[in-house]
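# Fold and contact review
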Amino acid sequence: MHRLPVETVTTRLNHAIDPSLHIWGWEITLYLFLGGLVAGLLILTAALELTRRQRPTSAALQWMPLVALGLLSAGMGTLFLDLEFKLHVYRFYLAFRPHSPMSWGAWILLLVYPAGLLLALGSLPETTLRRVPLLGRLALRIAAWSQQNRSLVLWTTIAVGAGLGVYTGLLLGTLTARIQWNSAVLGPLFLTSGLSTGAAFLLLCKLDAVERALLLRWDLAAILVELLLIAAMLLGFASGGASAQLAGAALLGGPWTAAFWSLVVVTGLLVPLAMELLELRRHLPLVALTPALVLVGGLALRAILLAAGQDSGYRLLP
Amino acid sequence: MSDQSPQDAGFWNPYFAGFMLGLVLLASFLVMGNGLGSSGAATRLAVSAAHAVAPQTIEHNGYFSQYFGPGKAVLDDWLVWEVLGIFLGAAMSAYAAGRMKLSITRGPRATGARRLVLALLGGILMGVASRIARGCTSGQALTGGAVLSLGSWLFMFAVFGGGYLAAPLLRRQWK
Amino acid sequence: MMLPLYTHDLFGRATGMVLGTLIGIAFGFVLERAGFGRAPLLAAQFYGTNMRVFKVMFTGIATCAIGIGVLSGVGVLDLAQVTVPETFLWPQVAGGALLGVGFIVAGYCPGTSCAAAASGNLDGLVTYLGVGLGTLLFGGFYPWLEKFYTSSAMGVTRIDTLVGVPFAPVAVAVVLMAVGCFFGAEALERILARRGQTALPAGNLGVRNRTFVALAGLAVLGLATLGWQPSQAQEMPKPFGYISAIDLATRLSRAPDTLVLLDARPAGECKAARLRSAQCLTGQPAGFVASLPTTRQVVVYGNADSKALAQRLRAFPGEVLVLMGGYPAFAKAVLDPPLPPANPTPEAVAAYRTQSALHGYFTGNRQAPEPVQVRAAPAAPAGVSVAKKGGGC
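Keep in mind that this is a model prediction, so the values were computed, not measured.

### With respect to the state of the cysteines
In total, this model carries 1 disulfide over all chains according to the counting rule given. A sulfur-sulfur distance of 1.9 Å marks the disulfide that ties C:Cys270 to C:Cys280. Looking down the S-S bond of the C:Cys270 and C:Cys280 bridge, the torsion is -95 degrees, so its handedness is left-handed. Taken together, the positions of C:Cys270 in helix 13 (residues 267–272) and C:Cys280 in strand 5 (residues 279–280) put the pair 10 residues apart, joining distant regions of the chain. As far as burial versus exposure is concerned, C:Cys270 and C:Cys280 are alike and both buried. Cysteine C:Cys109 is unpaired, with the sulfur of B:Cys136 as its nearest cysteine sulfur at 6.3 Å. Its sulfur unpaired, C:Cys181 is 18 Å from the next cysteine sulfur, which belongs to C:Cys64. Take C:Cys181: its relative accessible area is 31%, and that puts it in the partly exposed class.

Structure follows, in structure tokens:
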């Protein structure tokens, strides 16, 4: 009946860990969101080309890999802001530790850039590439290679993108002391949310009708899968041990209930789902609000899970 | 369910809409024990925005200090979530009816800029008024009216009185 | 009394807020469908050409009022648990008039401006921003407004209690008045349309009449509830007493066999931690309550005081006690280690010893209570007490 501290004494010596973890703020939220978004953008851009079997015609899609890399750089900028020892970044790349998701992440982030660049060079029109200062001829040569080995480039992009998306979730999952993050579902959940936010971002751009219709269907599927994964996460918490049940309680009647259900599930998933179904059924024109709600929901998902996770801990177990 | 006159086109019959409104309000009473509202959320949103800019001034204000203290969060309130719901519900309704469009609704002779200035001005007036009266047309007239609160009924008559008194001055805006 | 639902400990505060979002969605949907997202349509109310605002609002109020009247009349809804806005006579009249002026200037009221913003109308968004700014302005002028703001306070004043009749007949009067006013409003619309050579706001007569019939039906039901009194006697609330946490702990330690302990909190919380020897009430089969031994007193507790707790034991013919403050109060008083009193008067020390003993009994923590120095109460002068003692000899 009594709440006794279970955590070891050592964690108590760190002021940022006790009584609750508060070392990760908006920087990490934004980084996780942008990471997922970029993963979604890269996968969807490549998947659209694979499905249509032709290079993208709309300018938005041709430039999208580069836009994605820009967003990723912004995200890594916020991650860098969060680092305590900013000059030690290079140490990530002195070793590869297969058991550390942070190490995986550092290397995946490094792989995303060449993959995105190859994808972009292969889809941008030659006239644009010719105008690249100084490196125009090199760009054209790489573009030619990228087009000859198109399916390799596309599948590599998809694989690297999926790695990026899953890693943003697994990163949290390995911090086992935060019981809220002890769920294997987080990786796929963040990947699916990334796909959904990526589709929403693309839907806000100027696309042709076929691309729009495909993305709309994929976004619907991603939202449905995301709902299932959230249900799986909550069921896992509810049917798990004492620590999992405590983690679930924060979202099922606890302090994060209102934000999680109202912002993530209703605003970010159910309402866009209803509006996209309406769009599909009744051929209504797209409004910017639907994708905007999906983006808000994706951001809220990361922010709430991050905050709730930092609040949680074994010390709260009865 | 819809009417045919140009201004009314596409909307529900007012009596049917009122009946549905009454059922929603009743559901709110039956589940939560309290009615609907909307200006309270505007207050909380404005206070939390102002608090981000000037925390000391807001926390020591005689009226706003009620929103602060240990264990309190300005935005942690039923009304804030309810107003989020109003926004989502109205958006879905407008979208499904093909009415969602970025625009400025105005009378036939009013200009857009002037309309926005007056909208802001009217909003400010209503913000002050709803704090003085402890609620707006949703929180006082509708909610209090349905549970037969004396003050709410007087409030409602006063709203119509004030509106009818000021209407001739604003004829150019709307006619 | 089954309603309102929140009295039953079915959902906590946080879950209630999610329900708030869902109710808000329904509210917003209806507001938009009613045409309240269009300022010119709302403003037309004040020029008499289209009385839509009046019709929607008054129908809404009448429907809800008669609904509450019927449900409370048949004893399903506990009116005492419904929040009623307090009356501050003059502030509400003045605020209402000012809000009416703001309404015709902006073209929206605060709620409808939200619905308008959601359908893409920038003027609605600007109005709602204005409402926020206005409340800040009010806060700024609060020192000067405070006296008026708190003046003519009348507390919760309902028209039915003021007149001294049940809720339902007043609600019926509201319905009748509403329908009468609707006919008047439509006549006014017709006159102004003829004079201004404009189109009459079209209204589907069939829909209108069906709504009126529904309201009339509810009004008849409302009147019928006045004859409900005899059967209401059977629905009398279960009488119960209160027991404090310390008293309960004392009785549980001395004579546990005279009590039956029931935990009425949600099943999950009850399974996680409950009082020793308590049974979870939630999830018990039907007939469980009736089968409890009437030779014992039943003590029930939830997460807080709640009259509704005793009502869940209506089928139990014997005596029911509700634990004051519920489980948290017991945990605080008995399960948490007591602190020695800061001001150790003999009474405080005695209470501390009792609490320590109970704490030890219930938690198995047999540590002796921390020693406390007893100071005599300094209030009474020494001479007096000596004199009293002398008198006893």
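Here the narrative resumes.
### Looking at the interface of chain C and chain A
At the junction of the two partners, chain C supplies 17 residues and chain A supplies 10 residues. Summed over both partners, the interface of chain C with chain A buries about 900 Å², with 74% contributed by carbon and sulfur atoms. Our count for the contact surface shared by chain C and chain A stands at 0 salt bridges. Summed over the shared surface of chain C and chain A, the result is 1 residue pair in polar contact (both at pLDDT 80 or more). For the side of chain C that touches chain A, the secondary-structure elements that each account for two or more residues are helix 1 (13–33), helix 15 (326–335) and helix 16 (346–363) of chain C. If you tally residues by element for the side of chain C that touches chain A, the top one is helix 1 of chain C, at 7 residues.

### Some thoughts on the interface of chain C and chain B
At the junction of the two partners, chain C supplies 132 residues and chain B supplies 124 residues. When chain C packs against chain B, close to 11100 Å² is buried across both sides, 75% of that on carbon and sulfur atoms. The largest per-residue losses of area from chain C upon contact with chain B belong to C:Phe27, C:Arg33 and C:Tyr47, which jointly make up 7% of the total buried on that side. One can count 2 salt bridges joining chain C with chain B. A salt bridge links B:Arg115 to C:Asp123, with the shortest nitrogen-to-oxygen separation between them at 3.0 Å. Taken together, chain C and chain B are joined by 36 residue pairs in polar contact (both at pLDDT 80 or more). Here the side of chain C that touches chain B takes 17 residues from helix 1 of chain C, the largest share from any one element. For the side of chain C that touches chain B, the class distribution of residues is 83 nonpolar, 38 polar and 11 charged.

### Points about the confidence of the model for chain C
All names here are of chain C. For chain C, per-residue confidence averages 82 on the pLDDT scale, and residues scoring 70 or more make up 89% of the total. This model gives residues 230–234 a pLDDT under 50, and the stretch forms 3 contacts once residues within four places in sequence are excluded. In this model residues 380–393 is a low-confidence stretch, pLDDT under 50, and it forms 0 contacts with partners more than four residues away in sequence or in other chains. Predicted complex, confidence summary: ipTM 0.93, pTM 0.77.

### What to know about the sheet that holds strand 6 (residues 297–301) of chain C
Residues and elements named next belong to chain C. Spatially, 5 strands are ordered 3-7-6-4-5 in an open sheet, and the strand pairing comes out parallel. On the outer flanks of this sheet lie strand 3 (241–243) and strand 5, each paired with one strand and no other. Relative to strand 7 (residues 320–323), strand 6 runs parallel, the two sharing 3 bridges. Bridge pairing in strand 7 places Val 299 opposite Leu 321. Sitting on the sheet, helix 12 (residues 245–254) is in contact with strand 3, strand 4 (259–263), strand 6 and strand 7, with an inclination near 130 degrees to strand 4.

### Notes on the packing of helix 10 (residues 257–282) of chain A against helix 4 (residues 78–96) of chain B
For the pair helix 10 of chain A and helix 4 of chain B, interaxial distance at closest approach is 10 Å and the crossing angle is 5 degrees. The orientation of helix 10 of chain A with respect to helix 4 of chain B, classified from their angle, is roughly parallel. For the pair helix 10 of chain A and helix 4 of chain B, contact is made by A:Ala258, A:Ala259, A:Ser262, A:Leu263, A:Val266, A:Thr267, A:Val271, A:Ala274, A:Met275, A:Leu278, A:Glu279 and A:Arg282 and by B:Trp81, B:Leu84, B:Leu88, B:Met92, B:Tyr95 and B:Ala96, respectively. Here the residues of the contact of helix 10 of chain A with helix 4 of chain B are counted per class, giving 14 nonpolar, 2 polar and 2 charged.

### Points about unusual backbone geometry
For A:Arg53, which is not glycine, the phi dihedral falls at a positive 55 degrees. Take A:Arg53: it is sitting in the loop between helix 1 (26–52) and helix 2 (59–82).

Cut-off values and rules
- Residues numbered from 1 in each chain as written.
- Chains lettered and ligands numbered in written order.
- Predicted model: local features only at pLDDT ≥ 70, side-chain atom pairs only at ≥ 80, totals over all residues.
- Heavy atoms only, no water.
- Disulfide = S-S within 2.5 Å.
- Helix = DSSP H or I, 4+ residues; strand = E, 2+ residues; numbered from the N terminus.
- Buried < 20%, exposed > 50% of the residue type's maximum accessible area, 1.4 Å probe, protein only.
- Contact = heavy atoms within 4.5 Å.
- Buried area = accessible area lost by both parts, 1.4 Å probe.
- Salt bridge = Lys/Arg side-chain N within 4 Å of Asp/Glu carboxyl O.
- Polar contact = N/O pair within 3.5 Å; in protein donor to acceptor, adjacent residues only side chain to side chain.
- Nonpolar A, V, L, I, M, F, W, Y, C, P; charged D, E, K, R; others polar.
- pLDDT = per-residue confidence, 0-100.
- Pairing = 2+ DSSP bridges.
- Axes fitted to C-alpha atoms, helices over the stretch in contact; angles between N-to-C directions.
- Parallel < 35°, antiparallel > 145°, perpendicular 65-115°, else oblique.

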